[in-house]
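# Report on the structure
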Amino acid sequence: MIKAGLKRPHYRRVIAMKWSTEQLLKREHDGLEFTDTVDYSDVLSGKDDILAISPAKIEGRFSYDDPDFVFDLSINVTLTMACSKTLKPVEVPLTVDVQEVFSHFVGEDTRLIEQNTVDLYPIVWSNIYLEKPLKVVHPDAKDLRFDEPSNSQGHPGLQDLKKYK
C-alpha cells in the first residue's frame, strides 16, 4: 500500500532493463533490441555537482557470445550543472555509447552476473556519472577573469601600508 504523499516508484522502468539469464538465452540467436526512457532524478540526492537530469533515453542491443552476455548501449541525457564561475545552471547534453559485457565468470572486462539477473539500471547511471564533465562554464561567464587583479595598485584596504616603506 502506498501512503498518501509518497511518490510511487517507477517499477516498470526498472524492470524493463532487467532480464534473467534464461530470458536472454532464449533470445541468443535472434538477439534483442530495446528502447527505454528512465528517470534518474531520484538518484541525485547528495550529488552537489548535478542540479537536475532529464529522463535518459536508452537504446540497446543484446547478443550472446558464449559465455558472455554483450549489451551495446546508446544513452542520451541532459544534465543541468552549476557553472564553475557563476553558479548559473548550464544544460549539458550527453551521448554515451558503451558496450557492457556480463558473464558468470570473473574477468577483467566483464561484469559478474549476480543471482542469474542482468540489471542495466545501475550500469547506465554509472556510465552517465562517469561521462559528466568535471566543470562547466556558462556562456555568459566565458570572458570573466578572476585571476587578474582589477586594480593595479592592489587592494584598497592595504594602500596605507605603502606609507611604512
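The following refers to the structure shown. For every chain, the first residue of its written sequence is number 1, and the numbers climb from 1 along that sequence. Predicted model: local features are reported for residues with pLDDT of at least 70 only, side-chain atom pairs are reported and counted for 80 or more only, and whole-chain, interface and lining totals are derived from all residues. Hydrogens and water are ignored here; the side-chain numbers use all heavy atoms of the structure.

## A closer look at the overall build of the protein chain
Helix and strand counts for the protein chain come out as 3 helices and 8 strands. Secondary structure counts use DSSP, requiring at least four H or I residues in a row for a helix and at least two E residues in a row for a strand, with both numbered from the N terminus. Taken from the N to the C terminus, the helices and strands of the protein chain come in the order α-β-α-β-β-β-β-β-β-β-α. A simple rule labels every residue: compare its accessible area, found with a 1.4 Å probe on the protein chains alone, to the largest value its type can have, and call it buried under 20%, exposed over 50%, or partly exposed in between. The 165 residues of the protein chain split such that 30% are buried. In the protein chain, the share of contacts with a sequence separation of at least 24, taken over all contacts with a separation of at least 6, comes to 60%. Here, residues are in contact when the closest pair of their heavy atoms is within 4.5 Å.

## Brief notes about a nonpolar patch on the surface
A cluster of nonpolar side chains, contributed by Leu-158, Leu-161 and Tyr-164, occupies part of the molecular surface with about 380 Å² of accessible area. Of note, Leu-158 is situated in the segment after helix H3 (121-131). Surface patches are defined over residues having more than 30% relative accessible area and no salt bridge, joining like charges when they lie within 9 Å and nonpolar side chains (Val, Leu, Ile, Met, Phe, Trp, Tyr) when within 5 Å. Exposure was quantified through the Shrake-Rupley algorithm and a 1.4 Å probe, taking into account, for residues, occlusion by the shown protein chains and nothing else. By convention in these notes, a salt bridge is any Lys or Arg side-chain nitrogen within 4 Å of a carboxyl oxygen on Asp or Glu.

## Section: the packing of aromatic side chains
Stacked, edge-to-face and tilted are the three classes for Phe, Tyr and Trp ring pairs, Trp counted by its six-membered ring, which pair at centre distances within 6.5 Å; planes under 30 degrees apart are stacked, over 60 edge-to-face, the rest tilted. Overall, the coordinates contain 10 aromatic pairs when judged by the stated rule. Seen in terms of ring centroids, Trp-19 and Phe-71 are 5.6 Å apart; in terms of plane orientation they differ by 25°. Their pairing is stacked. With Trp-19 in strand S1 (residues 18-20) and Phe-71 in strand S5 (residues 68-82), this pair connects stretches of sequence that are 52 residues apart. What makes Phe-71 buried here is its relative accessible area of 0%. The rings of Trp-19, Phe-34, Phe-62, Tyr-64, Phe-69, Phe-71 and Phe-102 are connected pair by pair, giving a single aromatic cluster. Both a distance and an angle decide whether a charge sits over a ring: NZ of Lys or CZ of Arg must be within 6 Å of the ring centre and within 35 degrees of the ring normal. Directly above the aromatic system of Tyr-129 lies the positively charged group of Lys-132, at a separation of 4.9 Å from the ring centroid.

## Quick look at the pairing of strand S2 (residues 32-38)
Of the two faces of S2, the one holding Leu-32, Phe-34, Asp-36 and Val-38 is buried and the one holding Glu-33, Thr-35 and Thr-37 is not buried anywhere. Two strands qualify as a pair provided that DSSP identifies no fewer than 2 bridges between them. Looking at chain direction, S2 and strand S4 (residues 56-65) are connected through 7 bridges and run antiparallel. When the sheet's bridge partners are listed, Thr-37 is paired in S4 with Lys-57.

## A word on the pattern of salt bridges
As enumerated under the stated definition, the model contains 3 salt bridges in all. Across the pair Asp-49 and Lys-132 runs a salt bridge whose closest N-O atoms are separated by 2.5 Å. A residue pair is termed long-range when its members are at least 10 positions apart, and Asp-49 in the loop between S2 and strand S3 (50-53) and Lys-132 in the segment after H3 qualify at 83 residues. We note a salt bridge from Lys-57 to Glu-59, for which the minimum N-O separation is 3.4 Å. On the basis of relative accessibility, which here comes to 36%, the residue Glu-59 falls in the partly exposed class.

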